[in-house]
Amino acid sequence: MEISAIESLAGLPAFAAYFGVGLVLLGLFLVIYLWMTPYPEIKLIREGNTAASASLGGAMIGFVLPLASAVENSVSLIDMLIWSLIALLVQLLAYFLVHRLLPHLPRDVADGKLASGLFLGATAISFGLLSAACMSY
């Protein structure tokens with residue numbers, strides 16, 4: 001059975017809706033995360049701070065992994081939105097826990113200490129992977 005181009009593109013509106021909502025959620029996550037952290041990641045990254053880049057990059061990946069799982073497993077946009085917001089909270093919790101356990105970490109990231117940025121990024125990715133796996137309902 002051959003599928004025509006028209007039939008193949010039938011899912012384009014749903015793709016656009018999920019992708020658009022996903023981008024908005026990623027933007028929301030970034031705004032909240034950048035507001036929550038005590039150092040200016042974007043400025044630091046522009047200045048070549050690898051630790052800040054590793055930290056923020058890990059946080060983005062850590063959020064997008066469960067976001068993708070929510071898209072894949074959701075039954076509607078509302079369902080995807082709810083689970084994506086849960087993923088956002090999990091990422092904020094990951095940062096909060098690391099900050100509480102290692103209070104010097106934000107200062108170290110701002111100072112460009114790569115080990116701290118990598119640890120923070122890896123923690124975010126770990127929480128994101130676990131969160132994504134838990135969404136495979």
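The structure this text deals with has already been given above.
Residues numbered from 1 in each chain as written. Predicted model: local features only at pLDDT ≥ 70, side-chain atom pairs only at ≥ 80, totals over all residues. Heavy atoms only, no water.

With 21 residues, helix α7 (residues 114-134) extends 30 Å between its outermost C-alpha atoms, agreeing within 8% with the 30 Å of an ideal straight helix rising 1.5 Å per residue. Among all positions in α7, only Ser116, Gly117, Leu120, Gly121, Thr123, Ala124, Gly128, Ser131 and Ala132 are buried. Along the axis of α7, the buried residues cluster in a sector spanning 165°; they form a single face. Exposed residues lying more than 90 degrees from the buried face of α7 are Ala115, Leu130 and Cys134. Those residues of α7 that are buried lie in contact with α2 (12-36), α4 (50-73), α5 (77-101) and α6 (105-110). (Helix = DSSP H or I, 4+ residues; strand = E, 2+ residues; numbered from the N terminus. Expected span 1.5 Å × (residues − 1). Buried < 20%, exposed > 50% of the residue type's maximum accessible area, 1.4 Å probe, protein only. Arc of directions from axis to C-beta. Contact = heavy atoms within 4.5 Å.)

It is at 9 Å that the axes of α4 and α5 come closest, and there the two elements cross at 155°. Comparing their axes, α5 and α4 come out roughly antiparallel. Crossing geometry of α4 relative to α5 is assigned as right-handed. For the pair α4 and α5, the contacting residues are Ala59, Gly62, Phe63, Pro66, Leu67, Ala70, Val71 and Asn73 in the first and Asp79, Met80, Trp83, Ser84, Ala87, Leu88 and Gln91 in the second. Taken together, the residues of the contact of α4 with α5 sort by class into 10 nonpolar, four polar and one charged. (Axes fitted to C-alpha atoms, helices over the stretch in contact; angles between N-to-C directions. Parallel < 35°, antiparallel > 145°, perpendicular 65-115°, else oblique. Left-handed = near helix turned anticlockwise from the far one by under 90°. Nonpolar A, V, L, I, M, F, W, Y, C, P; charged D, E, K, R; others polar.)

Scanning all chains against the criterion turns up one cavity of 30 Å³ or more. Roughly 50 Å³ of internal volume is contained in the largest cavity. When residues of the lining of the largest cavity are traced back to their parent elements, those giving at least two are α5 and α7. It is α5 that provides the largest number of residues to the lining of the largest cavity, a total of four residues. When grouped by side-chain class, the residues that make up the lining of the largest cavity number seven nonpolar, two polar and no charged. (1 Å grid on protein atoms, 1.4 Å probe; cavity = no way out; pocket = protein on both sides within 12 Å on 5 of 7 lines; lining within 4 Å. Points joined across faces, edges and corners; volume = space filled by probe spheres on them.)

That's the geometry; what it means functionally is another story.
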